[in-house]
Amino acid sequence: MIEFFDVTKTFFTPKGEINALSEVSFSVAKGELAVLKGRSGSGKSTILSLIASLSKPTKGKILVDNEEIVKMSDDFASAFRLRNIGFIFQRYNLFEHLSVYENLLAPLVPLGLDRNEVQRRIEKVLEEFHIESKKDLPAKSLSGGEQQRVAIARALINDPKIILADEPTANLDATLANEFITILQRLKNDKKTVVVATHDPLFFDLDFVDRVYEVNGGAVC
Amino acid sequence: MNRYLFDFAISSLFIAKKKNLFIFFMLSTLVFLVASVVFIDTSLRYEVVNAAKSMPEIIVQKRIGQRLRDIDIDTVYKLIEIKGVQRALPRIWGLYRFQKGSVDFAVIALDGIDYDYTQELQKVSKLYGKRLAKGIVVGSGVKQFLEKNYYTKYCNFLLPDGKVKKLDIVGEFDSKSALFSNDVILMSAQNARELFGMKRNYASDIALFIPNPDEVRSIALKIPQIDPTLRAVTKTELISRYESMFDYKSGFFFVLFLVAAFTFFMIVSDRLASLSSAEKKEVAILKAIGWSIQDIVKEKFIESFIVASGAFFLGIVLSLVYVFVLGAPLMSEIFSGSFPLRPQLEFSYHVELREYLFIFLMSVPFYLFAVIVPAWRAAVKDVDEVLR
Ligand SMILES: Nc1ncnc2c1ncn2[C@@H]1O[C@H](COP(=O)(O)OP(=O)(O)OP(=O)(O)O)[C@@H](O)[C@H]1O
Ligand SMILES: [Mg+2]
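All residue numbers refer to position in the chain's written sequence, counted from 1. By the order in which they are written, chains take letters starting at A while ligands take numbers starting at 1. Two thresholds apply to this predicted model, a pLDDT of at least 70 for residue-level local features and 80 or more for giving and counting side-chain atom pairs, whereas whole-chain, interface and lining totals are computed over all residues. Side-chain measures here rest on the full set of heavy atoms in the structure, leaving out hydrogens and waters.

With that settled, the discussion passes to empty space enclosed by the protein. Cavity and pocket criteria rest on a 1 Å grid covering protein atoms alone: a 1.4 Å probe that fits but cannot get out defines a cavity, protein on both sides within 12 Å along at least 5 of 7 lines defines an open pocket, and an atom within 4 Å of a point defines a lining residue. Grid points are joined across faces, edges and corners, and a volume is the space filled by probe spheres set on the points. Taken as a whole and judged by the stated rule, the model has four cavities of 30 Å³ or more. Quantified by volume, the largest cavity comes out at close to 90 Å³. Lining the largest cavity, in full, are R81, L82, I85, G86, F87, F89, P107, R154, A155 and N158 of chain A together with A288 and I289 of chain B. Secondary structure follows DSSP: runs of H or I at least 4 residues long count as helices, runs of E at least 2 residues long count as strands, and numbering of each begins at the N terminus. Looking at the lining of the largest cavity, the elements with two or more residues in it are helix 2 (74-84), strand 6 (85-88) and helix 5 (144-156) of chain A. For the lining of the largest cavity, the element with the most residues is strand 6 of chain A, which contributes three residues. Residues are grouped as follows: nonpolar covers Ala, Val, Leu, Ile, Met, Phe, Trp, Tyr, Cys and Pro; charged covers Asp, Glu, Lys and Arg; every other residue, Gly included, is treated as polar. Residues belonging to the lining of the largest cavity are distributed by class as follows: eight nonpolar, two polar and two charged. Per-class residue counts for the lining of the second largest cavity are six nonpolar, three polar and two charged.

Turning to the sheet that holds strand 4 (residues 59-64) of chain A, a few remarks are in order. Residue and element names in this part refer to chain A. Think of it this way: DSSP has to see at least two bridges between two strands before they count as a pair. What the four strands build is an open sheet, ordered 2-1-4-5; its pairing is antiparallel. Lying at the two open borders of the sheet, with one neighbouring strand each, are strand 2 (16-28) and strand 5 (67-68). Two strands pair when backbone bridges link them, and strand 1 (residues 2-13) and strand 2 are joined in this way by nine bridges, in the antiparallel orientation. Residue pairing for strand 2: F11 is matched across the bridge by I18.

A few words on the packing of helix 2 (residues 17-52) of chain B against helix 13 (residues 353-380) of chain B. Residue and element names in this part refer to chain B. Here an axis means a line fitted to C-alpha atoms, over the contact stretch when the element is a helix, while the angle between two N-to-C directions is reported on a 0 to 180 degree scale. Their axes nearest at 10 Å, the elements helix 2 and helix 13 cross at an angle of 155°. Put simply, helix 2 runs roughly antiparallel to helix 13. Remark: the crossing between helix 2 and helix 13 carries right-handed chirality. Contacts between helix 2 and helix 13 pair N20, I23, L27, V31, V34, A35, V38, F39 and T42 from the former with E355, Y356, F358, I359, S363 and Y367 from the latter. Looking at the contact of helix 2 with helix 13 residue by residue, the classes come out as 11 nonpolar, three polar and one charged. Here roughly perpendicular refers to angles of 65 to 115 degrees, roughly parallel to angles under 35, roughly antiparallel to angles over 145, and oblique to all remaining angles. For a crossing to be left-handed, the near helix must be turned anticlockwise from the far one by less than a right angle; the clockwise case is right-handed. Contact definition: two residues touch when any of their heavy atoms are within 4.5 Å.

A few words now on the environment of W376 of chain B. All names here are of chain B. Relative to the assigned elements, W376 resides in helix 13. Separated by 85 residues in sequence, W376 and W291 have C-alpha atoms that sit 12 Å apart. Apart from residues no more than four positions distant in its own chain, W376 is found in contact with I293 and V297.

Moving on, we get to helix 5 of chain A. Given the number of residues in a helix, its expected span is that number minus one, multiplied by 1.5 Å. The terminal C-alpha atoms of helix 5 of chain A, which comprises 13 residues, lie 18 Å apart, in line with the 18 Å expected from a rise of 1.5 Å per residue. Any residue under 20% of the maximum accessible area for its type is buried, any over 50% is exposed, and the rest in between are partly exposed; the area is computed with a 1.4 Å probe on protein chains only. When you tally the buried positions in helix 5 of chain A, you get 12 out of 13 residues, the bulk of the element. Of all the positions in helix 5 of chain A, only G145, E146, Q147, Q148, R149, V150, A151, I152, A153, R154, A155 and L156 of chain A are classed as buried. If you follow the buried residues of helix 5 of chain A, they end up packed against strand 6, helix 3 (100-105), helix 4 (115-128), strand 7 (162-166) and helix 6 (174-189) of chain A together with helix 10 (277-288) of chain B.

What follows is the structure, encoded as C-alpha cells:
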C-alpha cells in the first residue's frame, strides 16, 4: 500500500541544508498498522507528509496505493488526498473558531455532494465519536479529548483507505490515550492501512501492531 | 456553485475576524471618499451643462488694462450689425456684499422687457412685472440669509454714495438650476444702476445670441475690431472655465483619494507579503484535508468578495446620504470655495451606472487581488510545516 524507495528529503534553509531523510526505504502493506518510532527531529513527520504528498521528496520514489504520487499534478494529489488519506495531526489542527459541524464539513466541501449525503456523513461520525451534543460549539471551547475525537472524526469522514496519525497521544492523559488505542484497533478491524508516528512507548508492544520502524537520524530500520 | 463552499467561506471570515473587520472599514471609508467626490462632481457638472443651455453664445465685456468697465449701450448697434448676430442685449449685474455675514450675492437687473437672461428669469419677470420697480425677487438661498438677519418684508441696500435704499421683498423664486440662481437677487435696471453707481446709458456687459453655432468663433474675432477694449467671452470658454474650476477641485480630492488609497495599499500590501499565521494555518489544513489550490482560491475569493462588496455598498450608501441628503458638509465648502455666488450648494442626483462602475473598479478588484494572491501563494508551496 505504501512503499518508499531510497527516499531522500533535504530542506534548504538559509542556515544550510538539513538532511531530514536520506535514502529511506520501507513499506506498509494494505490493512497493516505500522508505527514509526524515533526521537524528536528524527524525521517521522517528514515521512508522513511525504506519504500524503504534502511535500515532495528531493530524491527517490514513493508509491501509495500503487500510484506514484511524486509525479502527480498538484490537483491530482489533492483529489487523491481527499479520497484516500485521513490525517490526524499533532495538536489536532482544528479550525478553532469554527464549530464542530463546520470542521467536519470542511473535508466534504470539495466533493460537491448533495445536502442529504453531507448531512448523513456528518451525523454518522458525530454519533460514532459521541460529539452530537457539541455540534454547534466552536472547536476551541471543547475539552482536549473532545477535540481529539473531532480531529479523528474529520480524518475519517470521507472513509479513507489510509490513516496517518502524527503524535496522536502527545497531549493526552492516560485515559484518553487508551481511548485512542481503542479507536486504532477499530480501524485495524476495518482493514484500514494505518501509520502512526510517535515516541510514546504505549504503542510499541500493542499486539495488533504489525510493524514498528525505528526512524533514526534520517534512516529507517 | 457549491453551496457548502459558500457556507464555509462565510464561516471562515471569522477566522481572521479583526483583520477582516478592519479591512472592511478601511475599504468602505475609501469608497465613501471616492464616491462623495464623484457624486459632487457629477452633480456640479450637470448644473453647468444645464445652465449653459440658456447662456448667450457670446458675452461682450469692456476691459481697460485688465479691469472690467461698464459698457456703453450704444455698442449694441455696432454689434447687431455683425452678420450672424440675431440679438444683442445689454445686461446689468454685479456682486453685492452684505456687510453682515460678509456674503456676496449676484444682483441681476430684470426689466419686464425683452430681456432673456435665462428663460426662468423671463418667467419671473412676467410674474412680478411692475412690482419689481420698487422691490426685489430673491433666490431661495438669499431668502434664507435675509430671514436670518431679520429682513422678512424689505431689505436695505447701501449705495456707493453712502445713502441707504430700501427695497421690498416681493417674491422668491426657485430654480431647477440651483447652481446659478440660488443666490440671485433680481431688481429693476434702474435700481441696479443705482446700487452699482452705474451711469444711465451703460450696462455691465452685452449678451449676443447667435443662432448658428458655427459662426460663433468668427464673430468673436470681429468684436475687438470694433473697439480694441471690447472682449468676447464665448459660451465654450465660460463652460470650460467652470469645468476647470471643478477639475481643480476634484483634482484636490483626487490627491486626497490617492493618499487614502496609498494608506490602504500599505495595509493591503502587508497582506500581499504575508498571511497572518492563523490564515496560513487555515490554508495548510485545508490543503492537508484534500482541498485543491483551486478550491482554496475559490473559497478566498468568495470570502474577500463578501468583505469587499459589503464595504462597497456601505461606502456608497453612506456617501449617497452624505451628499444628497446632508448636502456634503465640509466637502461642499471646498467645492464652492471659488464660487463667489454660492454660500451654499445643493446637489441633485445625476449619477450614472458608469460612475458606480468606476468606483467599484477602483476598490473591489484591488482588494480581491490582495487577498487571493497570498492565499494562492500559501496554497502552492508545501504545507507540511503545519504538521509540526
Ligand atoms: N520545513 C522545514 N525546513 C527546515 N527544516 C525542517 C523542515 N521540516 C523539518 N525540518 C527538519 O527535518 C528534521 C526532521 O523533522 P521532523 O519534523 O520530520 O521530525 P520528527 O521526527 O517528526 O520530530 P518530532 O518528534 O519533534 O515531531 C528536523 O531536523 C527538522 O528540523
Ligand atoms: Mg513530528
